[in-house]
There are 2 protein chains.
Amino acid sequence: MLDIVRQDNEETTSGAARVFTFFRDRLLAGDLKAGDRLLPERELALALGVSRPVLREALRSLAMLGLLDIQHGRGAFVRAADASVLGQALTLCLAPEPNILDDVLQARIAIECQAIRLACERASERDLQAIAGILDTLVESLDDPERGGGADYAFHLALVRASGSVALMKIYEAISPLLMRSHVERRRDTFREPAITSRLVDAHREVFLSLARRDPDQAERALREHFLIGDELRRKNLISNYQPREITS
Amino acid sequence: MLDIVRQDNEETTSGAARVFTFFRDRLLAGDLKAGDRLLPERELALALGVSRPVLREALRSLAMLGLLDIQHGRGAFVRAADASVLGQALTLCLAPEPNILDDVLQARIAIECQAIRLACERASERDLQAIAGILDTLVESLDDPERGGGADYAFHLALVRASGSVALMKIYEAISPLLMRSHVERRRDTFREPAITSRLVDAHREVFLSLARRDPDQAERALREHFLIGDELRRKNLISNYQPREITS
DNA sequence: TGTCCTAAATTGGTAAGACCACGGACTGAC
DNA sequence: GTCAGTCCGTGGTCTTACCAATTTAGGACA
């Protein structure tokens, strides 16, 4: 086992990095599956030919990345890689940039528009039924910004899921937390105006119908229309929230 | 400084995790900028009230994430967050899934189609000139799969850059390494057929012209057309590469 | 005989100290 | 003035010891 570690790394890389890449490659190769338990730290350190602190540095790094679940007194377990890591990485990458929200929204539109095109080809009956169900929930919960926002999000998530593309889904999940905040806030601002909510429901219904008709161009158009409405609302809110301040200042 | 660490974390979290989130939050908040040098490990451990191994575990984790650049004999420096972290995270998330390549390609199409729409609105003259220059390189290097592939990639990257969306750009950079391989391979398979290469150049030129005309719908259509050509080629290659095996087996 | 409680073994968490290896800066000799 | 050697600061590693949480097994009691 020691030899394995030594052979696939130049001796220039330090110990902790060596152990880190060792486990990462094992994960990528599928040698380690989710739920697997690692050997105790002391044995592992001995087997890999490094001291316990060095091993721990590598293990902690993997844990911070969300790849390992280390439990006091129990051991270290391989965790199924989820999108939360991606989301964190994205957040860190985008942290120094200003006006991230608009930008991430563009990424969201990108993902969804492609997803709905794929969904028009690939969506199963179950997918369509799921989306239809969420649409009903959306209509029911018009007067509850919390539930309504949740249904709204669920609708779009179901769209992406119906595309059958894992990559799109993961990226969408990664950017979702960044969108969530604005999603609910906007809803809270606008849910009282019947004209807007009715337009919102119409837009969602139109998207769904186009998808059910398996018409990619029409579906994408409907979706873009929906986003335009949202954009318009955001501008309106920005203005109405900003004007008073300017007057008072 | 010790108090700061203690206050914004429950005492349930372990020391290394506490230090880790401490620095991560500092990075997110912008208190630590790229190029900044951290205090020596010994002083830092003292200041934060933890032992040196614990501090090292946290620092290592940050380094593995690409947020820190630890140099032997010099010190630890804050590194500008780049897309490579994102790419690694994405790779890890998608590792267990089969047929990732097609899937990532869908993500690429999603990003580019949205990017070109934005680019039609936002692209500067310099952006357009840059793309035009790459187009020339593309034409010149038709007979060199290596250079041609590079120019092809540069063309699409320039498209996304012209969108002016950092988020789209980062995500595109993140998925690029996963695409690179197939990109060059495909090119190597097809570059000898003049009919194909001429179609390829026409497709790129068409995309560029639509962008220069600031026509989002037309630009997206041209881009999708281009991807369809690529898809067609891929199928053809798959078939021609697969048939012989089936016969010989 | 069964159940519950306690104590030991297992395993991760933390600390302290010592030493090695690398880089840069200072100082001396040429 | 330039070059080389040495010293200091810094990260890299190892050893050892002990603490804390969890599990498990064995013994006491009903």
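Residues numbered from 1 in each chain as written. Chains lettered and ligands numbered in written order. Predicted model: local features only at pLDDT ≥ 70, side-chain atom pairs only at ≥ 80, totals over all residues. Heavy atoms only, no water.

### Some thoughts on the overall build of chain A
Point 1. Counting its regular elements, chain A contains 11 helices and two strands.
Point 2. Mapped from its N terminus to its C terminus, chain A presents α and β elements in the order α-α-α-α-β-β-α-α-α-α-α-α-α.
Point 3. In chain A, which comprises 249 residues, the proportion classed as buried is 49%.
Point 4. Residue pairs at least 24 apart in sequence account for 69% of intrachain contacts in chain A once pairs closer than 6 positions are excluded. (Helix = DSSP H or I, 4+ residues; strand = E, 2+ residues; numbered from the N terminus. Buried < 20%, exposed > 50% of the residue type's maximum accessible area, 1.4 Å probe, protein only. Contact = heavy atoms within 4.5 Å.)

### Brief notes about the protein's contact with DNA strand C
Point 1. Residues in close proximity to DNA strand C total 24 residues, the closest being A:Glu41, A:Arg52, A:Arg56, B:Gly15 and B:Ser51.
Point 2. Take the atoms of DNA strand C that sit within 4 Å of the protein: sugar and phosphate atoms are 66% of them.
Point 3. The contact in question runs from a phosphate oxygen of DNA strand C to an N or O atom on the side chain of A:Arg56, over 2.7 Å.
Point 4. The separation between a base nitrogen of DNA strand C and a polar side-chain atom of A:His72 is 3.3 Å.
Point 5. If you list the elements that add at least two residues to the surface near DNA strand C, you get α3 (41-48), α4 (52-64), β1 (68-71) and β2 (75-78) of chain A together with α4 (52-64) of chain B.
Point 6. Looking at which element gives the most residues to the surface near DNA strand C, the answer is α4(A), with three residues.
Point 7. The residue inventory of the surface near DNA strand C, partitioned by class, reads six nonpolar, nine polar and nine charged. (Near = heavy atom within 4 Å. Polar contact = N/O pair within 3.5 Å; in protein donor to acceptor, adjacent residues only side chain to side chain. Nonpolar A, V, L, I, M, F, W, Y, C, P; charged D, E, K, R; others polar.)

### Some points on the relation of the copies chain B and chain A
Point 1. Taken as rigid bodies, chain B and chain A are interconverted by a rotation of 180 degrees and an axial shift of 0.0 Å, the fit giving an RMSD of 0.1 Å. Considering both components of the superposition, the chain copies are consistent with a two-fold axis.
Point 2. Comparing contact sets, 100% of the residues at the interface of chain B also lie at the interface in chain A, consistent with an isologous, same-surface contact. (Least-squares fit on C-alpha atoms with pLDDT ≥ 70 in both.)

### Examining α3(A)
Residue and element names in this part refer to chain A.
Point 1. By the burial criterion, the buried members of α3 are Glu41, Leu44, Ala45 and Leu48. Burial along α3 is one-sided: seen end-on, the buried residues are contained in an arc of 100 degrees. α3 presents Arg42 and Leu46 as exposed residues on the side facing more than 90 degrees away from its buried surface.
Point 2. Within two residues after α3, Gly49 carries a phi angle of roughly 75 degrees, on the positive side. (Arc of directions from axis to C-beta.)

### Here's the deal with the packing of helix α6 (residues 100-122) of chain A against helix α8 (residues 145-162) of chain A
How two helices sit against one another is set out by the angle between their axes and by the gap between those axes.
Residues and elements named next belong to chain A.
Point 1. Where α6 contacts α8, the two axes come as close as 7 Å, and the packing angle between them is 55 degrees. By the angle class used here, α6 and α8 are oblique. α8 is crossed by α6, and the crossing has left-handed handedness. Across from Arg108, Ile111, Glu112, Ala115, Ile116, Ala119 and Arg122 in α6, the residues of α8 making contact are His156, Leu159, Val160 and Ala162. (Axes fitted to C-alpha atoms, helices over the stretch in contact; angles between N-to-C directions. Parallel < 35°, antiparallel > 145°, perpendicular 65-115°, else oblique. Left-handed = near helix turned anticlockwise from the far one by under 90°.)

### A look at empty space enclosed by the protein
Leftover empty space is mapped by rolling, across the atoms, a probe with the size of a water molecule.
Point 1. Within the structure shown, the criterion is met by five cavities of 30 Å³ or more.
Point 2. Roughly 80 Å³ of volume is contained in the largest cavity.
Point 3. As for the largest cavity, its lining consists of A:Met64, A:Leu65, A:Val85, A:Gln88, A:Ala89, A:Leu92, B:Phe20, B:Arg24, B:Leu65 and B:Val85.
Point 4. Elements with a minimum of two residues in the lining of the largest cavity: α5 (83-94) of chain A together with α2 (15-29) of chain B.
Point 5. Residues that form the lining of the largest cavity fall into these classes: eight nonpolar, one polar and one charged.
Point 6. There is about 60 Å³ of room inside the second largest cavity. (1 Å grid on protein atoms, 1.4 Å probe; cavity = no way out; pocket = protein on both sides within 12 Å on 5 of 7 lines; lining within 4 Å. Points joined across faces, edges and corners; volume = space filled by probe spheres on them.)

### Focus: the environment of A:Asp31
Residue and element names in this part refer to chain A.
Point 1. Considering the arrangement of structural elements, one finds Asp31 in the loop between α2 (15-29) and α3.
Point 2. Note on Asp31: relative accessible area 48%, which makes it partly exposed.
Point 3. Look past the residues within four positions of Asp31 in its chain and what remains in contact with it is Arg26 and Asp36.

### Section: the protein's contact with DNA strand D
Point 1. Among the 24 residues in the neighbourhood of DNA strand D, the closest are listed as A:Gly15, A:Ser51, A:His72, B:Glu41 and B:Arg56.
Point 2. In this structure, A:His72 approaches DNA strand D through a side-chain N or O atom, which is 2.9 Å from a base nitrogen.
Point 3. Note that a phosphate oxygen of DNA strand D is positioned 2.8 Å from one of the side-chain N or O atoms of B:Arg56.
Point 4. Listing elements by their share of the surface near DNA strand D, those giving two or more residues are α4 of chain A together with α3 (41-48), α4, β1 (68-71) and β2 (75-78) of chain B.
Point 5. Split into classes, the residues belonging to the surface near DNA strand D amount to six nonpolar, nine polar and nine charged.

### Things to note about the pairing of β2(A)
If a strand is regular, its side chains alternate between the two faces of the sheet.
Residue and element names in this part refer to chain A.
Point 1. Examined bridge by bridge, β1 and β2 share four bridges and lie antiparallel to one another. Bridge pairing links Leu68 to Val78 in β2.
Point 2. The antiparallel pairing of β1 with β2 creates a hairpin that spans three residues between the two strands, and Gly73 there sits at a positive phi of about 85 degrees. (Pairing = 2+ DSSP bridges.)

### Some words on the layout of surface pockets
Point 1. By volume, the second largest pocket is sized at about 770 Å³.
Point 2. What lines the second largest pocket is a set of 33 residues, among which A:Arg60, A:Ala63, A:Asp69, A:Ile70 and A:Gln71 lie closest to the centre.
Point 3. Of all the elements in the fold, those that place two or more residues in the lining of the second largest pocket are α3, α4, β1, β2 and α5 of chain A together with α2 of chain B.
Point 4. No other element matches α4(A), which puts six residues into the lining of the second largest pocket.
Point 5. Of the residues in the lining of the second largest pocket, the class split is 13 nonpolar, nine polar and 11 charged.

### Structural notes on the nonpolar core
Point 1. Membership of the largest hydrophobic core comes to 95 residues, with the highest contact counts inside it found for A:Phe23, A:Leu55, B:Phe23 and B:Leu55.
Point 2. Beyond its immediate stretch of four places on either side in the chain, B:Phe23 contacts B:Leu32, B:Leu38, B:Leu44, B:Leu48, B:Leu55, B:Leu59 and B:Leu62. (Core = buried A, V, L, I, M, F, W, Y, C linked by side-chain atoms within 4.5 Å.)

### Some remarks on the interface of chain B and chain A
Point 1. Residue-level contacts link 48 residues of chain B with 48 residues of chain A.
Point 2. Buried surface at the junction of chain B and chain A, both sides included, amounts to about 4100 Å², of which 69% is carbon and sulfur.
Point 3. For the chain B face of the interface with chain A, the top three residues by lost area are B:Glu57, B:Met64 and B:Leu92, together amounting to 15%.
Point 4. Counting every contact that joins chain B to chain A gives six salt bridges.
Point 5. Two residues, A:Glu57 and B:Arg56, come together in a salt bridge whose shortest N-O distance is 2.8 Å.
Point 6. One can count 14 residue pairs in polar contact (both at pLDDT 80 or more) joining chain B with chain A. (Buried area = accessible area lost by both parts, 1.4 Å probe. Salt bridge = Lys/Arg side-chain N within 4 Å of Asp/Glu carboxyl O.)

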